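Chain by chain, the residues run as shown.
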Amino acid sequence: MAKKTKTAYFCQECGYNSPKFMGKCPSCGTWNAMVEEIVQSPVEQKGSWVSSTDQKKKVNKPFPIAEIVYSEEDRTDTNDSELNRVLGGGIMPGSVVLIGGEPGIGKSTLMLQVALSLPFQKVLYVSGEESAQQIKMRADRLALKSNNCFILTETNTQHIFQHVKKEQPDILVIDSIQTLASNLVESAAGSVSQVRECTSELIQFAKETQTPVFLIGHINKEGSIAGPKVLEHMVDTVLQFEGDRHMSYRILRTTKNRFGSTSELGIYEMQSVGLRQVSNPSEILISQRDEDLSGITIGATLEGNRPLLIEIQSLVSTSVYGNPQRSCTGFDAKRLNMILAVLEKRGGLRLGLQDVFLNITGGLKIEDPAIDLAVCASIISSLEEYSVDSKICFAAEVGLGGEIRAVNRIENRISEAEKLGFKEIYISKYNMKGMDLKNYKIKINLVGKLDDLMNKLFK
Ligand code: TYD
Ligand code: MG
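Residues numbered from 1 in each chain as written. Chains lettered and ligands numbered in written order. Predicted model: local features only at pLDDT ≥ 70, side-chain atom pairs only at ≥ 80, totals over all residues. Heavy atoms only, no water.

This part is about unusual backbone geometry. Put simply, Asp175 and Ser176 share a cis peptide bond, and its omega is 0°. Turning to its location among the elements, Ser176 is positioned in the loop between strand S7 (171-175) and helix H5 (192-209). Positive phi values are uncommon outside glycine, yet Asn79 reaches one of about 65°. One can find Asn79 in the loop between strand S3 (34-39) and helix H1 (81-87). One non-glycine residue, Gln210, adopts positive backbone phi at about 60°. With respect to the helices, strands and loops of the structure, Gln210 is situated in the loop between H5 and strand S8 (213-218). (Helix = DSSP H or I, 4+ residues; strand = E, 2+ residues; numbered from the N terminus.)

Here is the structure:
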């Protein structure tokens, strides 16, 4: 007797499934996200990765935590210091890393570059999107050669695992997870149930064989990785590859990492011969200017453990329509409004009838409050048409009372500014605890209130 096809409705946002159609997902509350997909009964579902030990039905038993051993040296160095940094120091054995990003941002380029620069690891690069010739063309463009990189153009997970068993790669790359399909689920590739099934098969493979797996994932219009949110819960590490496609800089950001910090950041530049690692980002984030311009200041911020000097530009001009505009890129709009109110009330500046535009250069989004002082200085500089020397930088938070507050890890910020050749830095006088000013060659200006800044800088 022909088997009846079984279908269910899956929420495209969170992966919730229900036998009936629903307008609103009861799990995440999204409207119109339920889509019908073909499934099979869960009894028949069994991952397609079956290892030889699996058949013997190994049963795990509890272990005292003190006896469990692991070694940091097991991590594989990727020859790419930026990628190592975001992964928390290299690739962990058995880890599953998901790399998301907009189309054309360079995900395939990054993974191919990594695959080709690991001469001692056998890498299997599975592509469901491009032909082997296209990948070879890209490899030629990158001018990298490796005898240990194998390309497989295949989308069926059962077939992929057959090749994996034969080739026994040290690292598996999947480009992309949305193109894969497993025989165990009948719905189309890219659907929620397929993406989830293929990912869980790959995770099972990674954990059993201790082989690291990289998954490339598409992102949808809202900017999150396409497929259910559960995908992000299943994998060990989620990396976001961001950047403006029209600019050459790309940022690799960790949004989840079971083996390291999530505040790390890798910076690349897309060149005609592939992605170049940018090891000193401050150099590219600060524009080279010969003339002194008003409204430009430099803030010393931290992204993860990495000190960065970034340029803040603002433009203050009289509003034509009486309803002043405030707009910013790379900075929180609410925080800008707060800073403007503080400048108005505590600094006595007349900003109420001015348009204010604020821009953090380099396409970065900064949440670190330590750039408040640089933002204040930049706005005052533009308002007063008074340029700030390009060798001066700032690192402090501004409070509602107009007080200049201390920020964390001030030594790192000062050392970075000194290393990059800045002559002066403005910090909070409350940051002085346990610090010896004699250790630094850079001139350190201590300020306690907004008034101090105005008197010292804009005298
Ligand atoms: P790609 O890696 O195909 O992006 P994704 O896999 O994220 O969709 O990125 C390709 C873009 O990068 C493409 O528009 C061309 C450009 N590019 C370079 O500028 N230099 C290069 O060396 C390569 C390989 C690509
Ligand atoms: Mg691609």
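Next comes the rest of the write-up.
The subject of this paragraph is a negative patch on the surface. A grouping of Asp290, Glu291, Asp292 and Asp389 is seen on the molecular surface, where their side chains present a negatively charged patch. The residue Glu291 is located in the loop between helix H7 (281-285) and strand S13 (296-303) in this model. Judged by its relative accessible area of 59%, Glu291 falls in the exposed class. (Patch = residues over 30% accessible without salt bridge, like charges linked within 9 Å, V, L, I, M, F, W, Y side chains within 5 Å. Areas by Shrake-Rupley, 256 points an atom, 1.4 Å probe, with all protein chains shown as cover. Salt bridge = Lys/Arg side-chain N within 4 Å of Asp/Glu carboxyl O. Lys, Arg positive; Asp, Glu negative; His and termini not counted. Charge placed at Lys NZ, Arg CZ, Asp CG, Glu CD. Buried < 20%, exposed > 50% of the residue type's maximum accessible area, 1.4 Å probe, protein only.)

Turning our attention to the domain arrangement of the protein. One frequently used descriptor of interface size is the decrease in accessible area upon assembly of the parts. If you check the domain split of the protein, you get domain 1 (7-38), domain 2 (81-279) and domain 3 (284-457). The partner domain 2 presents 12 residues to the 8 residues of domain 1 that form the contact. Here domain 1 packs against domain 2, burying approximately 750 Å² in sum over the two surfaces, 49% of which is carbon and sulfur. Together, Glu13, Glu37 and Ile38 form the three largest contributors to the area buried by domain 1 at its contact with domain 2, with a combined 56%. Taken together, domain 1 and domain 2 are joined by 3 residue pairs in polar contact (both at pLDDT 80 or more). Those elements that place two or more of their residues in the side of domain 1 that touches domain 2 are strand S1 (6-11) and S3. Of the residues belonging to the side of domain 1 that touches domain 2, the class tally is 4 nonpolar, 2 polar and 2 charged. (Domains from an automatic or database assignment. Contact = heavy atoms within 4.5 Å. Buried area = accessible area lost by both parts, 1.4 Å probe. Polar contact = N/O pair within 3.5 Å; in protein donor to acceptor, adjacent residues only side chain to side chain. Nonpolar A, V, L, I, M, F, W, Y, C, P; charged D, E, K, R; others polar.)

Helix-helix packing: each pair is described by the crossing angle between the helix axes and the interaxial distance. At a closest axis distance of 10 Å, the pairing of helix H2 (residues 107-116) and helix H3 (residues 132-142) adopts a crossing angle of 70°. As the angle between them shows, H2 and H3 are arranged roughly perpendicular. Taken together, the residues of H3 that come into contact with H2 (itself represented by Ser108, Thr109, Leu112, Gln113 and Leu116) are Ile135, Arg138, Ala139 and Leu142. Class assignment of the residues belonging to the contact of H2 with H3 gives a composition of 5 nonpolar, 3 polar and 1 charged. (Axes fitted to C-alpha atoms, helices over the stretch in contact; angles between N-to-C directions. Parallel < 35°, antiparallel > 145°, perpendicular 65-115°, else oblique.)

Secondary-structure assignment places Val97 in strand S4 (residues 96-101). Measuring from C-alpha to C-alpha, the distance between Val97 and Leu215 comes to 6.0 Å, with 118 residues separating the pair along the chain. Filtering out sequence-adjacent residues up to four positions away, Val97 remains in contact with Leu87, Val213, Phe214, Leu215, Thr237 and Leu239.

Following the criterion strictly, the structure yields 15 salt bridges and no others. Where Lys122 meets Glu167, a salt bridge forms, and the shortest distance between an N and an O atom there is 3.3 Å. With Lys122 in the loop between H2 and strand S5 (123-127) and Glu167 in helix H4 (residues 157-167), the pair connects residues that are 45 residues apart, well separated along the chain.

Looking now at the sheet that holds S5. Here we have 9 strands laid out as an open sheet, ordered S6-S5-S7-S8-S4-S9-S10-S11-S12, and mixed in their pairing. At either end of the open sheet lies a strand with only one pairing partner, and these are strand S6 (149-153) and strand S12 (274-277). For this sheet the average axis-to-axis angle between neighbouring strands, irrespective of direction, equals 25°. In the packing of H4 onto the sheet, the strands contacted are S5, S6 and S7, and the crossing angle to S6 comes to about 160°. (Pairing = 2+ DSSP bridges.)

Moving on: a nonpolar patch on the surface. Taken together, the side chains of Phe63, Ile65 and Ile68 make up a nonpolar region of the molecular surface, amounting to roughly 380 Å² of accessible area. Tracing the backbone through its elements, the reader meets Ile68 in the loop between S3 and H1.

The final tally for this structure, using the stated rule, is 5 aromatic pairs. Ring plane angle 75° and centroid distance 5.6 Å describe the contact between Tyr9 and Phe21, whose orientation is recorded as edge-to-face. Taken together, the residues span a long stretch of sequence, with Tyr9 in strand S1 and Phe21 in the loop between strand S2 (17-18) and S3 at a distance of 12 residues. Their ring planes at 85° and their centres at 6.0 Å tell us that Phe241 and Tyr268 sit as a pair that is edge-to-face. Here Phe241, found in strand S9 (residues 237-242), pairs with Tyr268, found in strand S11 (residues 265-271); they are 27 residues apart in sequence, far enough to count as distant. In this pair, the class of Phe241 matches that of Tyr268, namely buried. For Lys122, the ring lying beneath its charged end belongs to Phe150, and the centroid distance is 5.0 Å. A cation over a ring is seen here: Lys391 above Phe422, with NZ or CZ 5.9 Å from the ring centre. (Phe/Tyr/Trp six-rings, centres within 6.5 Å; stacked < 30°, edge-to-face > 60°. Lys NZ or Arg CZ within 6 Å of the ring centre and 35° of its normal.)

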